[in-house]
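# Analysis of the macromolecular model
Here is what each chain is made of, one letter per residue.
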Amino acid sequence: MNNSAENLRRIQKSLKKRYFVERCFLWSGRAAITLGLLAVLVLFVDITSKGYGAFRSTEILLDIHYDADALGIDNLHDEKQLAFADWDVLLKNALREQFPDASGRKERKQLYGLVSNGAGFDLKERLIANPKLLNTSEKVWIIADDDIDTYYKSWLSGDPYAERMSEKQIQWIEVLDEQGAIALKFSKNLFTRGDSREPEQAGIWGAVMGSLFTLAITFCLSFPIGVAAAIYLEEFAPRNRLTDFIEVNINNLAAVPSIIFGLLGLAIFINFFHVPRSAPLVGGLVLTLMTLPTIIITSRAAIKSVPPSIREAALGMGASRHQVVMHHVLPLSMPGMLTGAIIGMAQALGETAPLLMIGMVAFIVDIPQGFTDPATVLPVQIFLWADSPERAFVEKTSAAIMVLLSFLIVMNMTAVWIRKRLERRW
Amino acid sequence: MPDMKVNEKHVTVGKQFHDDPRMTMRNVNVFYGEKQAIHDVSIDIGKNEVMAMIGPSGCGKSTFLRSLNRMNDTVEGCRVEGEICMDGESLYNTKLDVVELRARVGMVFQKPNPFPKSIYENVAYGAKIHGLADSRIDLDEIVENSLNKAGLWKEVKDRLHQPGTGLSGGQQQRLCIARAIAVTPEVILMDEPCSALDPIATARIEELIKELSENFTIAIVTHSMQQAARVSDRTAYFHLGQLIEVNPTEQVFTMPEHELTEGYITGRFG
């Protein structure tokens, strides 16, 4: 038998050890969190440092003369004339005027290579928007070719990358820089255009629209179906082997690799139902399959968290089961359901693999206007750009990742906000 | 300590029947799966009577109460046998709809459970789902009357549209009573309505039960013998799922007929 003094001594002896264990636990937790934050920080810094350049692109100031004869146009309302006109000729003339020293085919070609391939079409749009410009001159900032862009940016940062530049081109750029006729401008193309083979012409707007259309389909299908399934399983379904079986399989579905959903979508939606491939419609359907288990599981958890006393109160008042669900359970569990849905949507937004299987990996220049237009989505666009050999696509890729991440952050913040805002306490 | 074993063929002692019954229960057995919770209970609850049900924990008094408005239907594996009638009509007869039954037999629960809505919405809920009010004015009147009867009107009339969950525990319970009487049931079941309340709030509820007994039949389950003695006309003593004794309250607490009842009220067990 221990007397109380002996007990006290033992307790005091054990205290030191107990507090030591507690401190170890505390510090290992802090270390884990620091590590996690550090990883996130490195990711953000890396992506931002690579990608921020893409928000600005190099432009060259040229004196453009809209020469009707050179274009071969006499009527600005004639679509055919506009389509057949050689718009690049305006750029070529302007460039030759700027640098008369370029002689011979080779040098001329290098000279014309200063500006983007698609810049002629920008001039076409300018002229159509303002027909008075015909046969007059104006100074226009023309978007530069991606090699020039890469060189100019690296030159500005003091570490010129001249692999794909000729000596002549380097000279011209120095001349332009002295004249103040070359500068970095906010890249409107990045936010207004679809994909392009030319990095300076490529934008993410097509992918953003594709993502929006796809997510709209996903939300409109998966939220009502998921909530209805959750309510049925939680409130109405009898507890038996069949419902147990369904429950186990919903949990299994949540763990199925997403590419399998892509194969399923390919086999069922495209090959059997003939839904147009590469379209947000089929993408949304596939992502619905993928998101449903998440929404069902979170919705069931939300329904379960409604206190039984509320159900009893309503039942005791003579409410039918349907009324109990509609008047009480659903409104009370809605914040939880919405949170689950948003997290499911965020998952769907970042999903690439299943969409590869249904053709959303195609090279699509046009911005999708509806649910059945061919489209691609943000993560797939990142995948496509990361795969492109042009050096300028490296920063485009990082810029697209930044845009995708900001969408995800906004969605997750909305989820937190909804939870905080609508949460009720009993 | 008295012999706590219950006889196989137990006979309830005292005056378990009533001349003018609102509810009549005959040979009621309740099972949870294999386990039998209520053994062969027969009892009447008279019109405008306050019937208290007392007994040690787990004696089945709440289970019995909950079978009077079929709240046990929601419990998985619960089965009720025997005959429970209200005004001569069998409750477990399929002809009587459970929604109608619960409009006629209201219930107040152990823990105050107002809906997380406004005070007004809480009281108006029953009238709304049963379609009792033809207009907004009717509804306002129902809400005011019910809150008045529950003794809550003066306290809440200026904040009808604030959440009912913001009231104190006692007020919440009176709100739940107001909610129950808003659909003018014939019977009100109360399942330990004061066990979560402080003594002052409890006293208010007890007063309220007295007042309500003028218009309603009340069956109340309680842990507190003093409460049973204060509010009820007759008291039923349950023990291990059997109804041991039913007698006028005064008699139960002064001269109990059965030794188990005596053992319980004198505090020898329970």
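Residues numbered from 1 in each chain as written. Chains lettered and ligands numbered in written order. Predicted model: local features only at pLDDT ≥ 70, side-chain atom pairs only at ≥ 80, totals over all residues. Heavy atoms only, no water.

Under an unreviewed UniProt entry, the name given to chain B is Phosphate ABC transporter ATP-binding protein, and the source organism is Spongiibacter pelagi.

Looking at an unreviewed UniProt entry, chain A carries the name Phosphate transport system permease protein PstA, with the source organism given as Spongiibacter pelagi.

Among the nonpolar cores identified, the biggest contains 56 residues, and Met23, Met25, Ile43, Met53, Phe64 and Leu68 of chain B are the most heavily contacted of them. Looking at this core element by element, the count peaks at seven residues for helix 15 (residues 321-349) of chain A. Ignoring sequence-local partners within four residues, the contact set of methionine 23 of chain B consists of Ile43, Asp44, Ile45, Leu68, Ile84, Cys85, Met86, Leu91 and Val187 of chain B. Judged by nonpolar contacts, the second largest core, of 45 residues, contains Val50, Ala52, Leu175 and Ala228 of chain B. (Core = buried A, V, L, I, M, F, W, Y, C linked by side-chain atoms within 4.5 Å. Buried < 20%, exposed > 50% of the residue type's maximum accessible area, 1.4 Å probe, protein only. Helix = DSSP H or I, 4+ residues; strand = E, 2+ residues; numbered from the N terminus. Contact = heavy atoms within 4.5 Å.)

With that settled, consider the packing of helix 12 (residues 258-270) of chain A against helix 13 (residues 280-304) of chain A. Residues and elements named next belong to chain A. Between helix 12 and helix 13, the least distance of the axes is 9 Å, while the angle of their chain directions is 130°. Taken together, the axes of helix 12 and helix 13 are oblique relative to one another. As for how helix 12 packs across helix 13, the hand of that crossing is right-handed. Contacts between helix 12 and helix 13 involve Ser258, Phe261, Gly262, Leu264, Gly265, Phe269 and Ile270 on the former and, on the latter, Val282, Leu285, Val286, Leu289 and Met290. When its residues are assigned to classes, the contact of helix 12 with helix 13 shows nine nonpolar, three polar and no charged. (Axes fitted to C-alpha atoms, helices over the stretch in contact; angles between N-to-C directions. Parallel < 35°, antiparallel > 145°, perpendicular 65-115°, else oblique. Left-handed = near helix turned anticlockwise from the far one by under 90°. Nonpolar A, V, L, I, M, F, W, Y, C, P; charged D, E, K, R; others polar.)

UniProt annotation of "domain: ABC transporter" (unreviewed entry) refers to residues 23-265 of chain B when read in the numbering used here. With 37% helix and 27% strand, residues 23-265 of chain B has end C-alpha atoms that lie 26 Å from one another. (UniProt positions renumbered as here; feature names shortened; annotations may be inferred.)

The next point concerns the UniProt feature "domain: ABC transmembrane type-1" (unreviewed entry) in chain A. In this numbering, the UniProt entry assigns the feature "domain: ABC transmembrane type-1" (unreviewed entry) to residues 208-415 of chain A. Here residues 208-415 of chain A is 75% helix and 0% strand, with 21 Å between the C-alpha atoms at its ends.

As a measure of interface size, the accessible area lost when the parts come together is often cited. Partitioning chain A into domains gives domain 1 (4-52), domain 2 (55-190) and domain 3 (205-422). Computed from C-alpha coordinates alone, the two centres of domain 1 of chain A and domain 2 of chain A are separated by 59 Å. (Domains from an automatic or database assignment.)

Turning next to the UniProt feature "transmembrane region" (unreviewed entry) in chain A. Residues and elements named next belong to chain A. What UniProt calls "transmembrane region" (unreviewed entry) maps, in this numbering, to residues 20-45, 204-233, 253-275, 281-303, 324-349 and 399-418. Helix makes up 100% of residues 20-45 and strand 0%, with an end-to-end C-alpha separation of 37 Å. The straight-line gap between the two end C-alpha atoms of residues 281-303 is 30 Å; of that span, 100% is helix and 0% is strand.

Once that is clear, we can look at the pairing of strand 4 (residues 50-54) of chain B. Residues and elements named next belong to chain B. Burial runs high along strand 4: five of the five residues are buried. Alternating positions in strand 4 separate into two faces, Val50, Ala52 and Ile54 on one and Met51 and Met53 on the other, with burial throughout. Alignment of strand 4 against strand 10 (residues 234-239), held across four bridges, turns out to be parallel. Residue pairing for strand 10: methionine 53 is matched across the bridge by alanine 236. (Pairing = 2+ DSSP bridges.)

As a further point, take the confidence of the model for chain A. Scored by pLDDT, chain A comes out at a mean of 91, with 99% of its residues at no less than 70. Of all helices and strands in chain A, the one with the weakest mean pLDDT is helix 3 (residues 79-84) of chain A (82), whereas helix 10 (residues 205-236) of chain A scores best (95). (pLDDT = per-residue confidence, 0-100.)

We now examine the sheet that holds strand 3 (residues 182-186) of chain A. Residue and element names in this part refer to chain A. Taking strand neighbours across the sheet as the criterion, the three strands line up as 2-1-3 in an open arrangement whose pairing is antiparallel. The open sheet has two edge strands, strand 2 (137-143) and strand 3, and neither has a second partner. For this sheet, the mean angle separating the axes of adjacent strands, direction not counted, is 45°. Bridge count between strand 1 (residues 56-65) and strand 2: seven bridges; the pairing is antiparallel. Among the inter-strand pairings, isoleucine 60 is bridged to a residue of strand 2, identified as isoleucine 142. On the sheet, helix 6 (residues 119-129) packs against strand 1 and strand 2 and is oriented at approximately 140° with respect to strand 2.

All names here are of chain A. Taking 1.5 Å per residue as the helical rise, helix 13 with its 25 residues ought to reach 36 Å, and the 34 Å between its terminal C-alpha atoms agrees with that figure. Considering bend angle alone, the principal kink of helix 13 is centred on threonine 291 and spans about 40°; proline proline 293 follows within four residues of it. For helix 13, the buried fraction is high: 19 of the 25 residues fall into the buried class. (Expected span 1.5 Å × (residues − 1). Bend = angle between axes of the 7 residues up to and from the residue.)

Attention now goes to the side chain of glutamate 206 of chain B. Positionally, glutamate 206 of chain B belongs in helix 7 (residues 199-212). Apart from residues lying up to four places away in sequence, glutamate 206 of chain B is in contact with Gln227, Arg230 and Val231 of chain B.

The next thing to look at is the interface of chain A and chain B. With 18 residues of chain A at the contact, the number on the chain B side is 21 residues. Three residues stand out in chain A for area buried against chain B, namely Glu312, Leu315 and Met317 of chain A, and they jointly supply 35% of the buried area on that side. On inspection of chain A and its partner chain B, the count reaches one salt bridge. Across the salt bridge formed by arginine 66 of chain B and glutamate 312 of chain A, the nearest N and O atoms sit 2.8 Å from each other. Summed over the shared surface of chain A and chain B, the number is six residue pairs in polar contact (both at pLDDT 80 or more). Mapped by element, the contributors of at least two residues to the side of chain A that touches chain B are helix 14 (308-316) and helix 15 of chain A. Counting residues per element, the side of chain A that touches chain B draws most heavily on helix 14 of chain A, which supplies seven residues. Tallied by class, the residues present in the side of chain A that touches chain B amount to eight nonpolar, seven polar and three charged. (Buried area = accessible area lost by both parts, 1.4 Å probe. Salt bridge = Lys/Arg side-chain N within 4 Å of Asp/Glu carboxyl O. Polar contact = N/O pair within 3.5 Å; in protein donor to acceptor, adjacent residues only side chain to side chain.)

So, on to the environment of phenylalanine 261 of chain A. Residues and elements named next belong to chain A. Along the polypeptide, phenylalanine 261 turns up in helix 12. The exposure class of phenylalanine 261 is buried, given its relative accessible area of 6%. Expressed as a C-alpha distance, the spacing of phenylalanine 261 and serine 333, which sit 72 residues apart in the sequence, is 29 Å. When sequence neighbours within four positions are dropped, the list of residues in contact with phenylalanine 261 reads Leu253, Val256, Val286, Leu289, Met290 and Pro354.

Side chains of residues three or four places apart in an α-helix project in the same direction, reflecting 3.6 residues per turn. Residues and elements named next belong to chain B. With 14 residues, helix 4 (residues 136-149) should reach 20 Å at 1.5 Å per residue; the first-to-last C-alpha distance of 20 Å fits that figure. Along helix 4, the residues that are buried comprise Leu139, Ile142, Val143, Ser146 and Leu147. The buried residues of helix 4 occupy an angular sector of 120° when the element is viewed end-on, so they sit on one face. Tucked into the core, helix 4 has its buried residues touching helix 3 (119-130), helix 5 (153-156) and helix 6 (169-181). A positive phi of about 65° marks glycine 151, the residue just after helix 4. (Arc of directions from axis to C-beta.)

On to unusual backbone geometry, then. A positive phi is found at asparagine 135 of chain A, a non-glycine position, where the angle reads about 65°. Mapped onto the elements of the fold, asparagine 135 of chain A is located in the loop between helix 6 and strand 2. Relative accessible area serves as the criterion here: at 46%, asparagine 135 of chain A is assigned to the partly exposed category. In this model, asparagine 27 of chain B sits at a positive phi of 50°, which is unusual for a non-glycine residue.

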